[in-house]
Amino acid sequence: MYVRCIAEADGIILGTPTYASNVSGLMKDFIDRGHLVIEQLLHGKSCVTVATGENYGNKDAAKVLKNLVIYSGGKLCGSIVFKAPFNSSDFEREKRDIKCLKVARKMIRDMHSEKVYPMQSLIHFVVLNIGIRSFVRKKGKLYQGVIDKWTKLGIYGWII
């Protein structure tokens, strides 16, 4: 069901609390079982990532989400990383709200303008062509559905 929701979406927000300096177990299951990278489910979608936590490791979790977006063909138009201490002050909440609003506006602008991020596109191209393509090729007919999906997305033709 979520695959169809992602396919129909103009933009995606991926968020996770930080546990042990990494994404939550639920997010890890979503990443591993969702085949987002192999199937390129975020291809061309504007994406925002959010990582929160009370202690250490928010940036590590944010990096996992960032790589997920770029390797899956998405366009990372913003990333929000917050230390969310218990009993945060009104000033901290206001600062957080301003950052969220700024990133949300950027995401909306990017969706309407179809903005391209050249460096992200280059990283995606390299990952897809050097890492993922060879894996899919080795699987042969077992992964024909993936090749069909790539063809439908218009990315099979630019695979070297």
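It should be noted that the structure appears before, not after, this text.
Everything in this summary refers to the structure shown in the same document.

Calculation criteria
Residue indices begin from 1 for each chain and proceed along its sequence in written order. With pLDDT at 70 or above as the cut-off, local features in this predicted model cover only qualifying residues; side-chain atom pairs require 80 or more to be listed or tallied, and sums for whole chains, interfaces and linings still use all residues. The side-chain quantities take in all heavy atoms of the structure and omit both hydrogens and water. Residues enter a nonpolar core if they are buried and are Ala, Val, Leu, Ile, Met, Phe, Trp, Tyr or Cys, with the set joined through side-chain atoms within 4.5 Å. A simple rule labels every residue: compare its accessible area, found with a 1.4 Å probe on the protein chains alone, to the largest value its type can have, and call it buried under 20%, exposed over 50%, or partly exposed in between. Secondary structure counts use DSSP, requiring at least four H or I residues in a row for a helix and at least two E residues in a row for a strand, with both numbered from the N terminus. Only heavy atoms enter the contact rule, under which two residues are in contact if any of them lie within 4.5 Å. Geometry of aromatic contacts follows a simple scheme: Phe, Tyr and Trp rings, the Trp one being its six-membered ring, pair when their centres are within 6.5 Å, and the pair is stacked under 30 degrees between planes, edge-to-face over 60, tilted otherwise. Note on geometry: a ring has a charge over it if NZ (lysine) or CZ (arginine) is within 6 Å of the ring centre and within 35 degrees of the ring normal. When DSSP locates at least two bridges between a pair of strands, those strands are taken to pair. Lines fitted to C-alpha atoms define the axes, with helix axes restricted to the stretch in contact, and inter-axis angles between N-to-C directions lie between 0 and 180 degrees. In protein, a polar contact requires one atom able to donate a hydrogen and another able to accept it; more generally it is a pair of N or O atoms within 3.5 Å, and residues adjacent in sequence count only if both atoms are side-chain atoms.

Focus on the nonpolar core
Here comes step 1: Counting residues in hydrophobic clusters, the biggest one holds 18 residues, and the most contacted among them are Ile12, Leu14, Met27, Leu42 and Val69.
Here comes step 2: Broken down by secondary-structure element, the contributors of at least two residues to this core are strand 1 (11-17), helix 2 (25-34), strand 2 (46-53) and helix 4 (58-71).
Here comes step 3: Ranked by residue count, the leading element in this core is helix 4, at 5 residues.
Here comes step 4: Sequence-distant contacts of Ile12, defined by excluding residues within four places in its chain, comprise Ile6, Leu42, Lys45, Ser46, Cys47, Val48 and Met107.
Here comes step 5: Judged by nonpolar contacts, the second largest core, of 8 residues, contains Val136, Ile147, Trp150 and Ile155.

So, the packing of aromatic side chains
Here comes step 1: Summed over all chains, the structure comprises 1 aromatic pair.
Here comes step 2: Lying across the ring of Phe82, Arg96 places its NZ or CZ 5.9 Å from the centre.
Here comes step 3: In this structure, Lys115 packs its charged tip against the face of Tyr117, placed 5.2 Å from the ring centre.

Section: the environment of Leu153
Here comes step 1: Looking at the element boundaries, Leu153 is found in helix 7 (residues 144-153).
Here comes step 2: For Leu153, a relative accessible area of 33% translates into the label partly exposed.
Here comes step 3: Taking the C-alpha atoms as reference, Leu153 lies 9.9 Å from Glu39; in sequence the two are 114 residues apart.
Here comes step 4: Other than its neighbours up to four places away in sequence, Leu153 contacts Glu39, Gln40 and His43.

With respect to the sheet that holds strand 2
Here comes step 1: Taken together, the 3 strands give an open sheet; going across it, the order is 1-2-3, and neighbouring strands pair in parallel fashion. Only two strands of the sheet have a single partner each, and these edge strands are strand 1 and strand 3 (75-83). Each neighbouring strand pair of the sheet contributes to a mean axis angle of 15°, computed without reference to strand direction.
Here comes step 2: Bridge analysis of strand 2 against strand 3 gives 8 bridges, and the strand direction is parallel. By the bridge assignment, Thr49 is partnered in strand 3 with Ser79.

Some thoughts on the pairing of strand 1
Here comes step 1: By the alternation rule, side chains of strand 1 split into Ile12, Leu14 and Thr16, which are all buried, and Gly11, Ile13, Gly15 and Pro17, of which none is buried.
Here comes step 2: Relative to strand 2, strand 1 runs parallel, the two being bridged by 7 bridges. The residue bridging Gly15 from the neighbouring strand is Val50, located in strand 2.

Some remarks on the side chain of Thr49
Here comes step 1: Residue position: Thr49 is located in strand 2.
Here comes step 2: For Thr49, a relative accessible area of 1% corresponds to the buried category.
Here comes step 3: For Thr49, the side chain forms a polar contact with the side chain of Ser79, separated by 2.9 Å.
Here comes step 4: Those residues in contact with Thr49 that lie beyond four places of it in its chain are Leu14, Leu65, Lys66, Val69, Leu76, Gly78, Ser79 and Ile80.

Treat this as a map of the structure, not an account of what it does.
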